[in-house]
Amino acid sequence: MLLALGVVFLMLATTGWTAVHRPETAVPARAAALAAWATARIDGRPVPAADAPVRTVARFFADLDTTRRNHLADGYPLVVGNLDGVPAATRYRANHNALAQTARLEEARGKDVALTPADRANAIRRAHRFESLAAGDRQILLFDPTGDGLVAEVFGDLDGARRVSVIVPGVDTDALTFERSQRRLTAPAGMAQSLYEAERAAAPAARTAVIAWAGYVAPTGVGVDAATGRLAVLGSVRLASLATALPGDAGVALFCHSYGSVVCGVAAHALPERVTDVVVAGSPGMRVGNAAELHTSARVWATRAEGDWIADVPHLEVGGVGHGADPVSPAFGARLLSSAGAHSHTGYFEPGTASLENFAKIGTGDFGSVACANGSDDCRSGISGTEGD
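The rules behind the values
- Residues numbered from 1 in each chain as written.
- Predicted model: local features only at pLDDT ≥ 70, side-chain atom pairs only at ≥ 80, totals over all residues.
- Heavy atoms only, no water.
- Helix = DSSP H or I, 4+ residues; strand = E, 2+ residues; numbered from the N terminus.
- Rg over C-alpha atoms; globule rule 2.2 N^0.38 Å.
- Buried < 20%, exposed > 50% of the residue type's maximum accessible area, 1.4 Å probe, protein only.
- Contact = heavy atoms within 4.5 Å.
- Areas by Shrake-Rupley, 256 points an atom, 1.4 Å probe, with all protein chains shown as cover.
- Expected span 1.5 Å × (residues − 1).
- Phe/Tyr/Trp six-rings, centres within 6.5 Å; stacked < 30°, edge-to-face > 60°.
- Lys NZ or Arg CZ within 6 Å of the ring centre and 35° of its normal.
- Salt bridge = Lys/Arg side-chain N within 4 Å of Asp/Glu carboxyl O.

K.L.:
Where do I start with the overall build of the protein chain in this structure?
P.N.:
Secondary structure assignment for the protein chain yields 12 helices and 10 strands. Over its C-alpha atoms the protein chain spans a radius of gyration of 21 Å, differing by no more than 12% from the 21 Å that the globule rule assigns to 389 residues. Principal-axis analysis of the C-alpha atoms gives the protein chain an extent of 60 × 50 × 35 Å. Burial status across the protein chain gives 53% buried among its 389 residues. Here the contacts in the protein chain between residues at least 6 apart in sequence split such that 67% fall between residues at least 24 apart. Accessible surface, the protein chain as shown: approximately 16700 Å² in total, 55% of it carbon and sulfur.

K.L.:
Please explain helix 10 (residues 230-245) as it appears in this structure.
P.N.:
Quick reminder: α-helices carry 3.6 residues per turn. Residues three or four places apart thus point the same way. Helix length check: helix 10, at 16 residues, gives a terminal C-alpha distance of 24 Å against a target of 22 Å (1.5 Å per residue), a fit within 8%. Residues of helix 10 that are buried include every one of Leu-231, Ala-232, Gly-235, Ser-236, Leu-239, Ala-240, Leu-242, Ala-243 and Ala-245, and no others.

K.L.:
When you look at the packing of aromatic side chains in this model, what are you seeing that I'm missing?
P.N.:
For any pair of aromatic rings, the description rests on two quantities: the centre-to-centre distance and the angle between the ring planes. Evaluated as defined, the whole model comprises seven aromatic pairs. Taking 5.0 Å as the distance between ring centres and 70° as the angle between the ring planes, the aromatic pair formed by Phe-130 and Phe-143 counts as edge-to-face. Note that Phe-130 is positioned in helix 7 (residues 117-134) and Phe-143 in strand 3 (residues 139-144), a separation of 13 residues in sequence. As far as the burial class goes, Phe-130 and Phe-143 line up, both buried. Between Trp-213 and Tyr-216, the aromatic rings sit 5.8 Å apart at their centres with planes inclined by 20°, giving stacked as the arrangement. Judged on exposure class, the residue Trp-213 and its partner Tyr-216 are both buried. One aromatic cluster is present, built from ring pairs that chain together Phe-255, Phe-349 and Phe-359. Over the face of the ring belonging to Phe-367 we find Arg-299, whose NZ or CZ atom lies 4.4 Å from the ring centre.

K.L.:
Can you help me understand the pattern of salt bridges in this one?
P.N.:
When the charged atoms of two side chains lie near each other, side chains of opposite charge can form a pair. Evaluated as defined, the whole model comprises 15 salt bridges. Across the salt bridge formed by Arg-109 and Glu-106, the nearest N and O atoms sit 3.1 Å from each other. Of this pair, Arg-109 and Glu-106 both sit in helix 6 (residues 88-109), separated by three residues, roughly a single helical turn. By relative accessible area, Arg-109 is classed as partly exposed at 23%. Note that Asp-277 and Arg-299 form a salt bridge whose closest N and O atoms lie 2.7 Å from each other. Linking Asp-277 in strand 8 (residues 275-281) with Arg-299 in strand 9 (residues 299-303), this pair joins segments that are 22 residues apart in sequence. Salt bridges linked by common partners bring Arg-129, Arg-138, Glu-153 and Glu-179 together as one network.

Here's what the structure looks like:
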């Protein structure tokens, strides 16, 4: 253990691992929106606080007709679009407004000669990304431009879904990296679209939706933030709120990649019972010693691809550094999935891989045909309706 810990600190010392302070370029707009919301009223009624419980927000908006919901979405888009408990359609409208408005602000910043060339270039990149997210009929469930930005997008009919899959990504995830034109399946939007298409192919009649959830501040690079749980703790609160606020009574499966599995591990005990499955891929650990310590009723699944460098990360936690036991070790107690055909740390959502096929089966509830690691059938044991149960 001491040797492994030494390796961790050697990496911290020699690879430039540092805590990154993110620029707060859009804080004034968000702060102004929150200040305006704090005094807003509709039909003489005060609106719920921006940090109100999900149930309070849901009850308030359930009492409003479409016209009044749209009035709030248009008037306070940077608040309404980020409120868990607001109906999905209202959030989509609000975030479309917020993206369009923020894109225009970033375009203006891109022409501001008082800024450095690097800041102007970054503003132009942000404007292009926000314009892309606002295009067409994309269903943006969350948009907060603060700092590097938070985004979540829905694929499918969230209101009509009987099962919802949520992608929880890892390091270097923000508004700019939410989608990529090259290496598309390494970004949250590409992962979610790939999973949604795989679910539709596996079970065409199933009513499913997939959410690409870049809804927490993720670590930048393989640095101190990535080696500790501080950001995971903050992200876990937001993840639990999302799961609680999803419409209807759909079952939820979380697909947690890399540092996203740390977030899922920290959140596990607080997740609502509707979360039936937690799947981790390329995990550095879940900040526990075994699956039982997660204190969740959800099934816990784990997989690791051939050549995934995460296997070389010391699986321990000492003094807050490291994320605990290896989820793919037999002693951890997770259901081990095959990831045959997947390669490296970012290949889990590639079409034709066993990992993506397994994710689609879990996402649609087809547990009987899930492919376990090493050709066994152990990962399917004890699940109602599967072979041999």
